[in-house]
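# Descriptive structure summary
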Amino acid sequence: MKISSEVFSAFSLARHASNLRIARSSLIKSAHLLERIGLAAVGASCGLYVGATLLREKGGLFESGWIVLITMLYGALSYYVGIDLSGSAARKSISGISEEWNGSEPAEIMSAAGTFGAAIAAALSVSILVLDQNPPNGLVAFVAGCWVVGSSLQVAAGTMARNDETYMDKK
């Protein structure tokens, strides 16, 4: 009974909060920033798994604990910048029913490929860590390569999309 009263009070609070005159654009911008921070946290956690997998390899290039921090920071950056391309670029590609090239496709394709590569690296890293496997050096190199290429594609795609949006706004 107590849970249902808490739910009803939350709904009534939401109704009263809707009466607060908050500018819609600032609310959307705040929600978008919160989304970006959440994506950065996901990227950092994926980087943690990849870095931990690389750190397990003894006698190699990745013996320092700094590799974990570097992969986490690069993952946070790449997911923050690259996964969610700006809304106007996405709307332009959806609204164009014709088969014309509108310029936003390369960024979208790069973002998708980068997300896929980074996700594959993170999934392989988690499976290696959870199953406590000692993978061959080739698999570890593959994980590292997927992470670097995928994250770099995300950063490049996000940069391209934002530069394109800035260019379109100036026209």
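See the structure shown above.
Owing to the predicted nature of the structure, the values given are computational and were not obtained by experimental measurement. (Residues numbered from 1 in each chain as written. Predicted model: local features only at pLDDT ≥ 70, side-chain atom pairs only at ≥ 80, totals over all residues. Heavy atoms only, no water.)

## With respect to the overall build of the protein
For clarity, the threshold we go by: Only runs of H or I of at least four residues qualify as helices and only runs of E of at least two qualify as strands under DSSP, and these elements are numbered from the N terminus. Relative accessibility thresholds used throughout: buried, under 20% of the residue-type maximum; exposed, over 50%; partly exposed, between the two (1.4 Å probe, protein chains only). Two residues qualify as a contact provided that any one of their heavy atoms is within 4.5 Å of a heavy atom in the partner residue. Under the convention used here, a 1.4 Å probe and the Shrake-Rupley method define accessible areas, while residue burial counts only the protein chains that appear.
Looking only at helices and strands, the protein features six helices and zero strands. Ordered by position from the N terminus, the helices and strands of the protein form the series α-α-α-α-α-α. Among the 171 residues that make up the protein, the fraction classed as buried is 28%. Residue pairs at least 24 apart in sequence account for 78% of intrachain contacts in the protein once pairs closer than 6 positions are excluded. On the protein, roughly 11100 Å² of surface is accessible, and the fraction owed to carbon and sulfur atoms is 69%.

## Describing helix 5 (residues 105–130)
The test is simple: One fewer than the residue count of a helix, multiplied by 1.5 Å, yields its expected span.
With 26 residues, helix 5 should reach 38 Å at 1.5 Å per residue; the first-to-last C-alpha distance of 37 Å fits that figure. Three or more residues of helix 5 are buried, namely Glu105, Ala107, Ser111, Gly114, Gly117, Ala118, Ala121, Ala122, Ser125 and Ile128. Two residues or fewer after helix 5 comes Asp132, characterised by a positive phi angle close to 50°.

## A short note on the pattern of salt bridges
Rules: For salt bridges, the criterion is a side-chain nitrogen of Lys or Arg within 4 Å of an Asp or Glu carboxyl oxygen.
Inspection of every chain in the model, using the stated rule, returns one salt bridge. Asp132 is paired through a salt bridge with Arg56; the nearest N and O atoms lie 3.4 Å apart. A residue pair is termed long-range when its members are at least 10 positions apart, and Asp132 in the loop between helix 5 and helix 6 (137–170) and Arg56 in helix 2 (residues 24–56) qualify at 76 residues.

## Things to note about the packing of aromatic side chains
The following threshold applies: In this scheme Phe, Tyr and Trp rings, the latter by its six-membered ring, pair at centre separations within 6.5 Å, and the angle between planes marks the pair as stacked below 30 degrees, edge-to-face above 60, and tilted otherwise. Look at NZ for Lys and CZ for Arg. If either is within 6 Å of the ring centre and within 35 degrees of the ring normal, a charge sits over the ring.
By the definition in use, this model includes zero aromatic pairs. Just above the ring of Tyr80 sits the side chain of Arg36; from NZ or CZ to the centre is 5.3 Å.

## Topic: helix 2
Look at helix 2: 48 Å from first C-alpha to last across 33 residues, which is about the 48 Å you get at 1.5 Å a residue. Within the span of helix 2, buried status applies to Arg36, Leu39, Ala40, Gly43, Ala44, Cys46, Gly47, Val50, Gly51, Thr53 and Leu54.

## A word on the side chain of Ser78
This is how it is decided: Pairing of N or O atoms within 3.5 Å defines a polar contact, subject to two protein rules: one partner must be a possible hydrogen donor and the other a possible acceptor, and residues neighboring in sequence count only if both atoms are side-chain atoms.
Position of Ser78 relative to the elements: it lies in helix 3 (residues 66–82). Judged by its relative accessible area of 0%, Ser78 is buried. In this structure the side chain of Ser78 is engaged in a polar contact, spanning 3.1 Å, whose partner is the backbone oxygen of Gly75. Setting aside anything within four residues of it in sequence, one finds Ser78 in contact with Ile83, Ser151, Gln154 and Val155.

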